[in-house]
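Each chain is listed here by its residues.
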Protein chains: 2
Amino acid sequence: MRRPAPTLEEVARLAAVSTATVSRVVNRSPKVRPDTRKAVEKAIAHLGYVPNRAARSLVTKRTDTIALVVSESESRVFSDPFFPSIMQGISSAIADTELQLLLLLARGEREHVKVERYIRHGHVDGVILMSLHGDDPLPRALTEAGIPTVLSGRPRPGERLPYVDADNRGGARAATSHLLSAGRGKVGTITGPLDMTVGVDRFEGYTDALRDSGQRLRKGLVEHGDFSKEAGARAMKALLRRHPALDGVFVANDPMAIGALETLQALGRRVPDDVAVIGFDDVADAATTNPPLTTVRQPLEVMTEAMAELLLRRIDDASVDDEFVVCPTRLIHRASA
Amino acid sequence: MRRPAPTLEEVARLAAVSTATVSRVVNRSPKVRPDTRKAVEKAIAHLGYVPNRAARSLVTKRTDTIALVVSESESRVFSDPFFPSIMQGISSAIADTELQLLLLLARGEREHVKVERYIRHGHVDGVILMSLHGDDPLPRALTEAGIPTVLSGRPRPGERLPYVDADNRGGARAATSHLLSAGRGKVGTITGPLDMTVGVDRFEGYTDALRDSGQRLRKGLVEHGDFSKEAGARAMKALLRRHPALDGVFVANDPMAIGALETLQALGRRVPDDVAVIGFDDVADAATTNPPLTTVRQPLEVMTEAMAELLLRRIDDASVDDEFVVCPTRLIHRASA
DNA sequence: GAATTGCATGTAAGCGCTTTCATCCGTGGA
DNA sequence: TCCACGGATGAAAGCGCTTACATGCAATTC
């Protein structure tokens, strides 16, 4: 059945050294003679020894645990197609450390309080925070409490917190420019919610591109959506009603772009002949829409790796405190534009 | 900055009792006089005391941590639309316990070994295992090691492990029967991979329904897919080629059903007039396809709650060892059938 | 009123580890 | 040959908690 796990002491006895020495070997201290080390390692392997984390944390005050905190009142995060990738990315970034990944969901006031208290009491060494709405008090609370924290996505303007984000603005700009430079004269946009930085950034990228090509932003060419497919469909209809001659649209994310595509098809517009469409995110479905969706891809793996790396750096050097990483995006050319 | 967390001893001093008493209060031992308890609770609240898990585990040998283990060589799990829901479900099921959710990904041989060793060494109190392919050694290894474990999804036939699953067979049978009893004479199916129990179960549900209505299984009416949208499209084409008069199809999951729908549309078949389609899972997109997809829904919340509950029971009573829960599914009537 | 009981509370050991400090041994210089 | 030195190793304390056991007090019994 369940044999009690071997302890440091047993290893020490087997290797005929003291527990202190074994501990030094386990923790890679340089002050151990090679042959002693060898002997200890043999004993460790023989017994299948694995250090007891509880005992270790008790003395080191470190927990070797980092938390992925999902701070969201609703369950929107779970419909975020990137959430799984992010988890996977973090998980593989820490795969060859001793770190473990704790998942903390903070929905609603009560859980928020619980999570914050839990973290503040030093139960985790660091936090990666996914939080969608801007007025979340958690990011600030944690950093003020001195807990190493890294945000997924740019914080609100004015907040200085370490974060990793895609170059949403640059990506949007590139997408829109692509439309414009292909001779499209009337390019609209369907934005995301403007209370999220992603929403704002992608919209600003659109206006950047307009400005680059000497055009003015026309309010009638802008529709807002909430990142859902239905919102995209709805917004597309509105745009078309106001501007029947519209010939290009930059959509702030793929689900909305897919909704737009369907509306376009239903209304008999050919894509890309009549209207060119570019989305953002390159979700799995984007490759199989009709026509396949041209979209902007974020380097998800690079981003998660960067988050993990930034966090680890912050954990062992608290002075690092307002770094950030912005990752370049890439336009994936498919048939819709 | 980061004030050291208050300890039991400080609470004891403030409440003018011994640490033992405080501990008893914290652990809800009944042998404490109400007024003493009151005083201690006041001190706890005043200091914002939270027990140190490391110290506690060290003596109790419990970790108050359960792991969600995702055992999969590839990253398929992450494309599983239910994965987030499951996480969310477990997370809320343990929300008002002291338990924490640890996420362990085991891809590849190396991580598998690491995860197994980690778990065997008592670093978690219990495990919820999501594993897609049938020949995974982990489920058996864990149960044999005496680690309380609950599977998400039915294990291979012959394995006796506690699990929670949807009534895939019943759901498939109901869906197919619905098609049959609506007068569809030639009902085919697109199955999932038959090396997964879900795949097999849903296929058997189809044959059950056929048998119920006195029909024989016709091999030509069966196509296999890998649960992807493209596979669904491909399979649909094959089915139609062989049986142009096909007037109904039960598809083993929604993405494949969506693929099938698109093929049907591309080939000019009207849904449901010419061909009725029923999917399985009720993914978010199912409601917005054209026409909206009739599908079978699993009671995801009920299922995850059941998993958590089963696991907790197993944790404090190891004798419970081959229970399982099968949750009824529901046919969601929309326009496609 | 003394002896007994029962219950609340306190004392203290010890969980497995890291780390400080002391100890020991071999080396090289005088 | 002796001493000083430095580097490897060991002894032991202590991290914050739970719990077996001891203790003390009040209520109960005769």
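Above: the structure in question.
Figured I'd write up the structure that's included with this text. (Residues numbered from 1 in each chain as written. Chains lettered and ligands numbered in written order. Predicted model: local features only at pLDDT ≥ 70, side-chain atom pairs only at ≥ 80, totals over all residues.)

### Quick notes on the protein's contact with DNA strand D
In the vicinity of DNA strand D lie 27 residues, with Thr36(A), Leu8(B), Ala20(B), Ser23(B) and Ala55(B) positioned nearest. Secondary structure elements with two or more residues in the surface near DNA strand D: α2 (19-26) and α4 (53-60) of chain A together with α1 (8-15), α2 (19-26) and α4 (53-60) of chain B. Of the residues that constitute the surface near DNA strand D, the class distribution is twelve nonpolar, ten polar and five charged. (Near = placed C-beta within 6 Å. Helix = DSSP H or I, 4+ residues; strand = E, 2+ residues; numbered from the N terminus. Nonpolar A, V, L, I, M, F, W, Y, C, P; charged D, E, K, R; others polar.)

### Observations concerning the protein's contact with DNA strand C
The environment of DNA strand C is formed by 27 residues, the closest being Leu8(A), Ala20(A), Ser23(A), Ala55(A) and Ala20(B). Taken together, the elements giving at least two residues each to the surface near DNA strand C come down to α1 (8-15), α2 and α4 of chain A together with α2 and α4 of chain B. Grouping the amino acids of the surface near DNA strand C by side-chain chemistry returns twelve nonpolar, ten polar and five charged.

### Some details on the interface of chain A and chain B
Facing the 35 residues of chain A at the interface are 35 residues of chain B. Of all elements in the fold, only α4, α5 (82-93), β2 (100-106), α6 (108-120) and α10 (229-242) of chain A reach the threshold of two or more residues within the side of chain A that touches chain B. In the sheet, β2(A) pairs with strand β2 (residues 100-106) of chain B via three bridges, with the strands oriented antiparallel. Looking at β2(B), one finds that Leu101(A) is bridged to Leu103(B). (Contact = placed C-beta atoms within 7 Å. Pairing = 2+ DSSP bridges.)

### Considerations on the relation of the copies chain A and chain B
When chain A is fitted onto chain B, the two copies agree to an RMSD of 0.1 Å after a turn of 180 degrees and an axial shift of 0.0 Å. The transformation just described matches what one would write down for a two-fold rotation axis. In this assembly the copies share their binding face: 100% of the residues contributing to the interface of chain A also contribute to that of chain B. (Least-squares fit on C-alpha atoms with pLDDT ≥ 70 in both.)

### Observations regarding the pairing of strand β6 (residues 187-191) of chain A
Residue and element names in this part refer to chain A. Counting buried residues along β6, five of its five residues qualify, which places the element largely inside the surrounding structure. By the alternation rule, side chains of β6 split into Val187, Thr189 and Thr191 and Gly188 and Ile190, which are all buried. The sheet contact formed by β6 and strand β8 (residues 248-251) spans four bridges and is parallel. Paired with Thr189 across the two strands is Phe250, which belongs to β8. A crossover connection joins β6 to the parallel strand β7 (residues 222-224) through helix α9 (residues 197-212); in handedness this β-α-β unit is right-handed. (Buried ≥ 20, exposed ≤ 12 C-beta atoms within 10 Å, placed from the backbone. Right-handed = clockwise from strand over helix to strand, strands pointing away.)

As far as function goes, none of this settles anything; it's purely spatial.
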